[in-house]
Amino acid sequence: MQALRNKGINPYPYRFDKTHSSTDIINCFENLSVEGTKVKFAGRILSIRGHGKTMFAHLGDYSGKLQIYARKDDLGDKWEFFKLIDIGDFIGVEGEVFKTKTGEVTIRVESALMLAKSLRPLPEKWHGLQDKELRYRRRYLDLIANPELKELFIKRSQIIKELRNFLDERGFIEVETPVLQPIYGGAAARPFVTHHNTLDIDMYLRIADELYLKRLIIGGFEKVYEIAKDFRNEGMDKLHNPEFTMLEFYWVYADYNDLMDLLEEMFGQLVEAVSGSVRIPYGEHTIDFSRPFIRVPYFKSIAEACGHDIIGLDESELLKLAEKLGLDTEGLINKGDYYEAFFDHYVEPHLIQPTFLVDFPIELSPLAKVHRDDPRLAERFELFVAGIEFGNAFTELNDPHDQRRRMEQQATLVKRGHQEAHPVDEDFIFALEHGMPPTAGYGLGIDRLVMLLTNMPSIRDVIFFPTLKPED
RNA sequence: GGGGGUGUAGCUCAGUGGUAGAGCAUCUGCCUUUUAAGCAGGUGGUCGAAGGUUCGAUCCCUUCCACCCUCACCA
């Protein structure tokens, strides 16, 4: 660094006129290798092979990497520059393109410029960065050392773009709703609490967009969607990060049957666009997104898996059966809890191929409309793939009296110790009282979707900066 | 929260109750088509933290911290 300054070299200049990317130069070699044609190229030094009065190095840029070749004969006084460069520095070079004896496309450097000096060494060149903690904490180094990671995150971006295209083409409008909310709702989860100083009130980071998007439906929007972060103050594991990206969309005059048709189309198009096939590997499985997906009722799936139809049972019968079957019944305090215990144990892990699980128990679905044929059920489904939930959908509850009743039942659960149940949202019910048309709504965790389409086992692998405890 | 694992140089990893090791990176020298370049020499460590046992602890014991796996929780 001091040596650079002593030679009058600015280690952090302001700009560089790069004419080509590394892949440009490699792909257009025939055109560029004409004598007298010069290119200007810039990148980070990834490796150096010095040979006395000559030197090879690889420069990496966003599109790939390219070799440069510098000779003292060619450079004269400028050769001194190459004694001051290190792996990790950004430099810019100008020169003609040629192929070495071994056939590698290379720039023969005629002039070179320091663009940004690196003061710390990069991770080791052939083992890369292995330590998972360091990979998450210093993702920039992970991206440098493990280039395939960059491809994964480009794919993530592509996935989100495809979802937007799909919805935009069908007339959905992308909207933004509050992250900071005076009352949380739209999902069953514990929120993050924060404080607004001027108003002197506690506020919550949203756990879902749902109730605000429905207000927009009441206001006259007919197709809306939002892709944004939600926050849930809960445990972390390979499927859960405290902040995560959610897609929610609402479609007026449609019901959950229409939604299933639309989602089959959406997933089919998305998977094909991103993976080039409707059949994709995930872990040990091959997932087939051909239409139609399996559709199976919630209670039927449990009955088939454990041999007992539990829909008509009361709490004590459920307890008796659960104990007989050896389920862990600790902490289960209502029918909904028992249903979930049966479902989680017997059904969820076995839903490998895309499956719509339809008609959830009404107790578990406080924002979904009661089933048109069976008052014990809600018009709600979840999509499962590879044993993982990929979204939750309802025919939305638009009867304000029923909505109030259902929210009050949830509020009772809060008092009984269910920290994840909903509080009553009077402002939302007030809005519903002005009339919400029949509507179908769907929410999807984008991070899990990216896991599925990139065949990664942990949500942390598809989030640039997953939540970690601070160091020290 | 329970169980299991990991933590040693910037990075990837060995190792031992008695002065701390390798490769890469870094520094010095030699080397004009190399590519895991090569050769010679050098620098670099609170062995995750704190206590304890011991003449002596990176190693054995206890507690703590971080991360990973797993179970529970989280529809």
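Residues numbered from 1 in each chain as written. Chains lettered and ligands numbered in written order. Predicted model: local features only at pLDDT ≥ 70, side-chain atom pairs only at ≥ 80, totals over all residues. Heavy atoms only, no water.

1. Quick look at the overall build of chain A
At step 1: Within chain A, the regular secondary structure consists of 15 helices and 18 strands.
At step 2: A globule of 472 residues ought to have a C-alpha radius of gyration of about 23 Å, yet chain A, at 29 Å, is considerably larger.
At step 3: When its C-alpha atoms are laid out on the principal axes, chain A stretches across 90 × 55 × 45 Å.
At step 4: Across chain A, 58 positive and 77 negative side-chain charges occur, with their mean positions spaced 9 Å apart. (Helix = DSSP H or I, 4+ residues; strand = E, 2+ residues; numbered from the N terminus. Rg over C-alpha atoms; globule rule 2.2 N^0.38 Å. Lys, Arg positive; Asp, Glu negative; His and termini not counted. Charge placed at Lys NZ, Arg CZ, Asp CG, Glu CD.)

2. Concerning the sheet that holds strand E16 (residues 380-385)
At step 1: Read across the sheet, 8 strands follow the order E6-E10-E11-E18-E17-E16-E15-E14 without closing on themselves; strand pairing throughout is mixed. At either margin of the open sheet sits one strand with a lone partner, and together these are strand E6 (173-174) and strand E14 (294-297).
At step 2: Contacts between helix H7 (residues 147-169) and the sheet are confined to E6, strand E10 (223-231) and strand E11 (243-252), with E10 contributing the most and set at about 150° to the helix.
At step 3: Contacts from helix H10 (residues 298-306) reach E14 and strand E15 (355-358), with the element oriented near 85° to E14. (Pairing = 2+ DSSP bridges. Contact = heavy atoms within 4.5 Å. Axes fitted to C-alpha atoms, helices over the stretch in contact; angles between N-to-C directions.)

3. Here's the deal with the protein's contact with RNA strand B
At step 1: Contacts to RNA strand B come from 46 residues, most closely from Asp-73, Thr-102, Lys-125, Trp-126 and Glu-234.
At step 2: Counting only atoms of RNA strand B within 4 Å of the protein, the sugar-phosphate share comes to 55%.
At step 3: Asp-86 has a polar side-chain atom sitting 3.0 Å from a phosphate oxygen of RNA strand B.
At step 4: Contact distances for RNA strand B include 2.8 Å between a base oxygen and a side-chain N or O atom of His-240.
At step 5: Elements that contribute at least two residues to the surface near RNA strand B include exactly strand E1 (38-50), strand E2 (54-61), strand E3 (64-71), helix H5 (132-137) and helix H12 (335-347).
At step 6: Among the elements that take part in the surface near RNA strand B, H5 stands out by supplying 4 residues, more than any other.
At step 7: Among the residues making up the surface near RNA strand B, the classes are represented as 12 nonpolar, 12 polar and 22 charged. (Near = heavy atom within 4 Å. Polar contact = N/O pair within 3.5 Å; in protein donor to acceptor, adjacent residues only side chain to side chain. Nonpolar A, V, L, I, M, F, W, Y, C, P; charged D, E, K, R; others polar.)

4. Overview of the sheet that holds strand E7 (residues 180-181)
At step 1: Taken in spatial order, the 3 strands line up as E7-E9-E8 in an open sheet, and their pairing is antiparallel. One side of each edge strand has no neighbouring strand; the edge strands of this open sheet are E7 and strand E8 (193-196).
At step 2: Where E8 lies against strand E9 (residues 201-205), 4 bridges are found, and the strand directions are antiparallel. For His-195, the partnering residue across the bridge sits in E9 and is Asp-202.

5. Looking at helix H9 (residues 256-275)
At step 1: With 20 residues, H9 extends 27 Å from end C-alpha to end C-alpha; this agrees with the ideal 28 Å at 1.5 Å per step.
At step 2: Among the residues of H9, Tyr-256, Leu-259, Met-260, Leu-262, Leu-263, Glu-264, Met-266, Phe-267, Gly-268, Leu-270, Val-271 and Val-274 are the ones counted as buried.
At step 3: With a side-chain oxygen positioned 2.9 Å from the backbone nitrogen of Asn-257, the residue opening H9 is Asp-255.
At step 4: Trailing H9 by a residue or two, Gly-276 shows a phi angle of about 80°, which is positive. (Expected span 1.5 Å × (residues − 1). Buried < 20%, exposed > 50% of the residue type's maximum accessible area, 1.4 Å probe, protein only.)

6. Side note on the side chain of Thr-454
At step 1: Tracing the backbone shows Thr-454 in helix H15 (residues 446-454).
At step 2: Reaching out from Thr-454, the side chain makes a polar contact with the backbone oxygen of Val-450 at a distance of 2.6 Å.
At step 3: When near neighbours in sequence (up to four residues on either side) are disregarded, Thr-454 contacts Leu-152, Lys-155 and Val-462.

7. Details of the nonpolar core
At step 1: In terms of nonpolar packing, the biggest core is built from 52 residues, with Leu-247, Phe-249, Met-266, Phe-267, Phe-289, Phe-381 and Tyr-442 touching the most fellow members.
At step 2: In terms of residue count, H9 provides more of this core than any other element does, 10 residues in total.
At step 3: Every residue in contact with Phe-381, bar those within four places of it in the chain, is listed here: Tyr-256, Leu-259, Met-260, Leu-263, Phe-356, Leu-357, Val-358, Phe-360, Gly-391, Asn-392 and Ala-393. (Core = buried A, V, L, I, M, F, W, Y, C linked by side-chain atoms within 4.5 Å.)

8. A short note on the packing of H10 against H12
At step 1: Their axes nearest at 9 Å, the elements H10 and H12 cross at an angle of 60°. By the angle between their directions, the pair H10 and H12 is classed as oblique. Pair H10 / H12 crosses with left-handed handedness. On H12, the residues that touch Tyr-298, Phe-299, Ser-301, Ile-302, Ala-305 and Cys-306 of H10 are Tyr-339, Glu-340, Phe-342, Phe-343, Tyr-346 and Val-347. (Parallel < 35°, antiparallel > 145°, perpendicular 65-115°, else oblique. Left-handed = near helix turned anticlockwise from the far one by under 90°.)

9. Let's talk about unusual backbone geometry
At step 1: A cis amide bond links Arg-291 with the next residue in sequence, Pro-292, at an omega value of -10°.
At step 2: If you trace the backbone, Pro-292 turns up in the loop between strand E13 (285-288) and E14.
At step 3: Notably, Ala-386 is not glycine yet its phi reads approximately 55°, a positive angle.
At step 4: Following the sequence through the fold, Ala-386 ends up in the loop between E16 and strand E17 (388-395).

10. Some remarks on the side chain of Arg-406
At step 1: With respect to the secondary-structure elements, Arg-406 resides in helix H13 (residues 400-415).
At step 2: Assessed through its relative accessible area of 6%, Arg-406 is described here as buried.
At step 3: Of the polar contacts made by the side chain of Arg-406, one reaches the backbone oxygen of Ser-365; its length is 2.7 Å.
At step 4: Setting aside residues no more than four positions away along its own chain, Arg-406 makes contact with Ile-362, Ser-365, Pro-366, Ala-368, Val-370 and Leu-397.

11. Digging into the layout of surface pockets
At step 1: Estimated volume of the second largest pocket: approximately 820 Å³.
At step 2: The wall of the second largest pocket is formed by 28 residues, among which Leu-46, Leu-143, Ile-144, Ala-145 and Pro-147 lie closest to the centre.
At step 3: Of all elements in the fold, only E1, E2, E3, helix H6 (139-145) and H7 reach the threshold of two or more residues within the lining of the second largest pocket.
At step 4: Class assignment for the residues of the lining of the second largest pocket results in 13 nonpolar, 8 polar and 7 charged. (1 Å grid on protein atoms, 1.4 Å probe; cavity = no way out; pocket = protein on both sides within 12 Å on 5 of 7 lines; lining within 4 Å. Points joined across faces, edges and corners; volume = space filled by probe spheres on them.)

12. Notes on the pairing of E10
At step 1: The buried fraction of E10 is high, at 7 of 9 residues.
At step 2: In this sheet, E10 lies alongside E6 in parallel orientation, the contact comprising 2 bridges. Within E10, the residue paired with Glu-174 across the bridge is Tyr-225.
At step 3: Judged from the 9 bridges that link them, E10 and E11 form a sheet pairing that is antiparallel. Within E11, the position partnered with Asp-230 by the bridge is Phe-244.

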